[in-house]
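# A structural walkthrough
Each chain, letter by letter, is given below.
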Amino acid sequence: MDEDLKPLIGLSLTQLQSVALEAGLRRFAGGQMARWLYQKRVRSIDEMTDLSKSARETLKERYCVGREEPLARVVSIDGTAKYLFRGAKSRDVESVMIPDGDRATLCISSQAGCRMGCRFCMTGRQGFHGQLTRAQIINQVLSVEESERLTNAVFMGMGEPMDNFEEVVAAIEIMTSDWGLAWSPKRITVSSIGKIRELRELIERTKVHVAISVHSPYGDERASLMPVEKAYALTDVLGMLRDYDWAHQRRLSVEYIMWRGLNDDMRHADALARLLRGLHCRVNLIRFHAIPDSDLLTTDEARMVAFRDRLNELGLTATIRASRGEDIMAACGMLAGAGRKDSGTS
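Residues numbered from 1 in each chain as written. Predicted model: local features only at pLDDT ≥ 70, side-chain atom pairs only at ≥ 80, totals over all residues. Heavy atoms only, no water.

L234, V237, L238, M240 and L241 are the residues of helix α9 (residues 234-241) that are buried. The buried residues of α9 occupy an angular sector of 155° when the element is viewed end-on, so they sit on one face. Looking at the buried positions of α9, the neighbouring elements they touch are α7 (196-205), β11 (209-213), α8 (219-225), β12 (252-258) and α10 (266-276). (Buried < 20%, exposed > 50% of the residue type's maximum accessible area, 1.4 Å probe, protein only. Helix = DSSP H or I, 4+ residues; strand = E, 2+ residues; numbered from the N terminus. Arc of directions from axis to C-beta. Contact = heavy atoms within 4.5 Å.)

Turning our attention to the pattern of salt bridges. Under the definition given, this model contains 26 salt bridges. A salt bridge links E145 to R73; the shortest N-O distance between them is 3.7 Å. Linking E145 in the loop between α5 (134-143) and β9 (152-155) with R73 in strand β3 (residues 72-75), this pair joins segments that are 72 residues apart in sequence. Judged by relative accessible area, which is 61%, E145 ranks as exposed. Residue R73 is classed as partly exposed on the basis of its relative accessible area, which comes to 36%. The residue R197 makes a salt bridge to E201 at a minimum N-O spacing of 3.9 Å. Here R197 pairs with E201, and both are found in helix α7, just 4 residues apart, close to one helical turn. For R197, a relative accessible area of 57% gives the class exposed. By relative accessible area, E201 is classed as partly exposed at 25%. (Salt bridge = Lys/Arg side-chain N within 4 Å of Asp/Glu carboxyl O.)

Our focus in this paragraph is the nonpolar core. Ranked by size, the top nonpolar core spans 94 residues in total, and within it M175, L199, L202, L241, V283 and L311 carry the most contacts. Looking at this core element by element, the count peaks at 7 residues for helix α6 (residues 165-176). If you look at the next biggest cluster of nonpolar residues, it comprises 17 residues, including M116, C118, F120 and I193. (Core = buried A, V, L, I, M, F, W, Y, C linked by side-chain atoms within 4.5 Å.)

Right, let's get into the pairing of strand β5 (residues 91-100). Two faces make up the sheet, and in a regular strand the side chains alternate between them. Most of β5 sits out of view: 8 of its 10 residues are buried. Relative to β5, strand β4 (residues 81-88) runs antiparallel, the two sharing 6 bridges. The residue bridging L84 from the neighbouring strand is E94, located in β5. Between β4 and β5, which pair antiparallel in sequence order, lie 2 residues; one of them, K89, sits at a positive phi of approximately 50°. Taken together, the 5 bridges between β5 and strand β6 (residues 103-107) define a ladder with antiparallel strand orientation. Each bridged residue has a counterpart across the sheet, and for P99 the counterpart in β6 is A104. Joining the antiparallel neighbours β5 and β6 is a turn of 2 residues, in which G101 adopts a positive phi near 65°. (Pairing = 2+ DSSP bridges.)

We now examine the packing of helix α1 (residues 13-22) against helix α2 (residues 29-39). Their axes nearest at 7 Å, the elements α1 and α2 cross at an angle of 120°. As far as their axial angle goes, α2 and α1 are oblique. In this structure, α1 meets α2 at a crossing whose hand is right-handed. On α2, the residues that touch L13, L16, Q17, V19 and A20 of α1 are A29, G30, G31, M33, A34, L37 and Y38. For the contact of α1 with α2, the residue count by class is 9 nonpolar, 3 polar and no charged. (Axes fitted to C-alpha atoms, helices over the stretch in contact; angles between N-to-C directions. Parallel < 35°, antiparallel > 145°, perpendicular 65-115°, else oblique. Left-handed = near helix turned anticlockwise from the far one by under 90°. Nonpolar A, V, L, I, M, F, W, Y, C, P; charged D, E, K, R; others polar.)

Quick look at the environment of G10 now. Inspection of the secondary structure puts G10 in the loop between β1 (6-7) and α1. Measuring from C-alpha to C-alpha, the distance between G10 and A34 comes to 10.0 Å, with 24 residues separating the pair along the chain. Setting aside anything within four residues of it in sequence, one finds G10 in contact with Q15, Y38, R134, A135, I138 and I174.

With a phi close to 70°, Q249 is a non-glycine residue in the positive phi region. Counting through the fold element by element, Q249 comes out in the loop between α9 and β12. For Q249, a relative accessible area of 63% translates into the label exposed. For D293, which is not glycine, the phi dihedral falls at a positive 60°. The residue D293 is located in the loop between β13 (282-287) and α11 (301-313) in this model.

Turning our attention to the packing of aromatic side chains. In this description, an aromatic ring pair is defined by two values, namely the gap between the centres and the angle between the planes. Counted under the stated rule, the structure contains 5 aromatic pairs. Arranged with centres 5.2 Å apart and planes meeting at 25°, the rings of Y256 and F307 form a pair that is stacked. A residue pair is termed long-range when its members are at least 10 positions apart, and Y256 in strand β12 and F307 in helix α11 qualify at 51 residues. Under the relative-accessibility criterion, Y256 is labelled buried at 0%. Given the relative accessible area of 0%, F307 is considered buried. Within the aromatic cluster, the residues linked to one another by ring pairs are F120, W259 and F288. Above the face of the W36 ring, K40 is positioned so that its terminal group lies 4.1 Å from the ring centre. Sitting over the ring of W183, R187 keeps its end group 3.9 Å from the ring centre. (Phe/Tyr/Trp six-rings, centres within 6.5 Å; stacked < 30°, edge-to-face > 60°. Lys NZ or Arg CZ within 6 Å of the ring centre and 35° of its normal.)

Laid out in structure tokens, this is it:
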């Protein structure tokens, strides 16, 4: 992509209407551009054939479609596909397509690296390299090979979505608007460690599902795993979430990675049930995927089953999430992207 040109993907209908007026077109040409970009998924302005040739030439002076092909693609033995896309500064980013019967879910990245520093996450270990733009976020949806048959999207890739709030919300608007991809918000889940102000705004501005990373019901223990606990205590996050109705229209999930001898006993199950009592949510138990130089250990299947059964006995809805893509480092917590020697873009 020519770095001197501005990408059109990532722009809202209102913004595209402004681009049309700037190019000497009528406002309705913005809607035409939106259809070409998000529904017909063109790769060049020349393909927008219901715009005059002179208008297309004018647009090309300042703009490009902005689609970028993946830098790499690798496929797991279970069919999971991991993609590498151009990221920010010296760090490229990964997204993951997870097939499951009739479902095809794209795990989207929102940042290059991450500021949150979670002890168990390879993305967090690499530090923060920069924000992805809304164009880079929506490009992941448009440019994976399976784009046309995607059924769901989860913002659970590299980065903390609420730490890049406006760009993530802009991408969600494109995905859910009639002039964009026209997805139901129920097809999208946004995961967060719990930045309270941004999370509240997400809930009030969108209708997407929400997933909260918990991983321990005890504050001091959670802080040892997730430094963000010191700034956004889980009790405060859950208190805010209780202000909303999770029994209708949208879903709240609790993400709970399990580690042997750390958070996988019945004491933790009972404490988690007490913490979540009265909150309409589903608990996803996640097997820890070992990462280099970590002293954290994976819980065995029997303990995960016992933990799940205990939560269900105590009135929660708990399931064990199937592990996918571990052989290609595409499973939960394993995304790291790739570094580039130069600090510019490729």
